[in-house]
Amino acid sequence: PELVRSRGELLDEQTKVVRYQQAEKDYSTGETYRRMGKHGSAWFYYDLVIRRYPDQKTWTEKAKARMEEIQTELERSKDPSTAEST
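First, a word on what this report is: a plain description of the structure on this page. It should be emphasised that the depicted structure is a prediction, and the values quoted were computed from it without experimental measurement. (Residues numbered from 1 in each chain as written. Predicted model: local features only at pLDDT ≥ 70, side-chain atom pairs only at ≥ 80, totals over all residues. Heavy atoms only, no water.)

**Let's talk about the pattern of salt bridges**
Part 1: Here the structure, examined in full by the defined rule, presents seven salt bridges.
Part 2: Residues participating in the shared-partner salt-bridge network are Glu-31, Arg-34, Arg-66 and Glu-69. (Salt bridge = Lys/Arg side-chain N within 4 Å of Asp/Glu carboxyl O.)

**Regarding the environment of Gln-22**
Part 1: Looking at the secondary structure, you find Gln-22 in helix H1 (residues 2–36).
Part 2: Given a relative accessible area of 37%, Gln-22 falls into the partly exposed group.
Part 3: With 50 residues separating them in the primary sequence, Gln-22 and Thr-72 have C-alpha atoms 27 Å apart. (Helix = DSSP H or I, 4+ residues; strand = E, 2+ residues; numbered from the N terminus. Buried < 20%, exposed > 50% of the residue type's maximum accessible area, 1.4 Å probe, protein only.)

**What about the side chain of Glu-31?**
Part 1: Secondary-structure assignment places Glu-31 in helix H1.
Part 2: Residue Glu-31 is classed as buried on the basis of its relative accessible area, which comes to 10%.
Part 3: Aside from chain neighbours lying at most four places away, what touches Glu-31 is Tyr-46 and Arg-66. (Contact = heavy atoms within 4.5 Å.)

**Regarding a nonpolar patch on the surface**
Part 1: Together, Leu-3, Val-4 and Leu-11 make up an exposed nonpolar region whose accessible area comes to about 260 Å².
Part 2: Note on placement: Leu-11 falls in helix H1.
Part 3: The class of Leu-11 is partly exposed, set by a relative accessible area of 35%. (Patch = residues over 30% accessible without salt bridge, like charges linked within 9 Å, V, L, I, M, F, W, Y side chains within 5 Å. Areas by Shrake-Rupley, 256 points an atom, 1.4 Å probe, with all protein chains shown as cover.)

**Details of the packing of aromatic side chains**
Part 1: Evaluation of the coordinates by the stated rule reveals five aromatic pairs.
Part 2: An angle of 40° between the planes, with centres 5.3 Å apart, marks the rings of Tyr-27 and Trp-59 as tilted. One end of the pair, Tyr-27, is in helix H1; the other, Trp-59, is in helix H3 (residues 57–78), and 32 residues separate them in sequence.
Part 3: Given a relative accessible area of 9%, Tyr-27 falls into the buried group.
Part 4: Connected via pairs of aromatic rings, a cluster forms that spans Tyr-20, Tyr-27, Tyr-46 and Trp-59. (Phe/Tyr/Trp six-rings, centres within 6.5 Å; stacked < 30°, edge-to-face > 60°.)

So this is what it looks like as structure tokens:
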């Protein structure tokens, strides 16, 4: 309790920094899966960022944008008019 009274603001700042880094790490993991073509795993990590770190607007906005890209890509791949003819 004494530490909180004397250094509470510092501890709050450190908590924010740690949460930012955790959100960045989870987003980065999603990016790795996206580059590997594992859209389900990428989606999971992007969704994790949005749910777990709603206070980290930078990472939640990036995650939402990536999820939209994945959704568009999957819809396009299911559309028979975009399939290449063989």
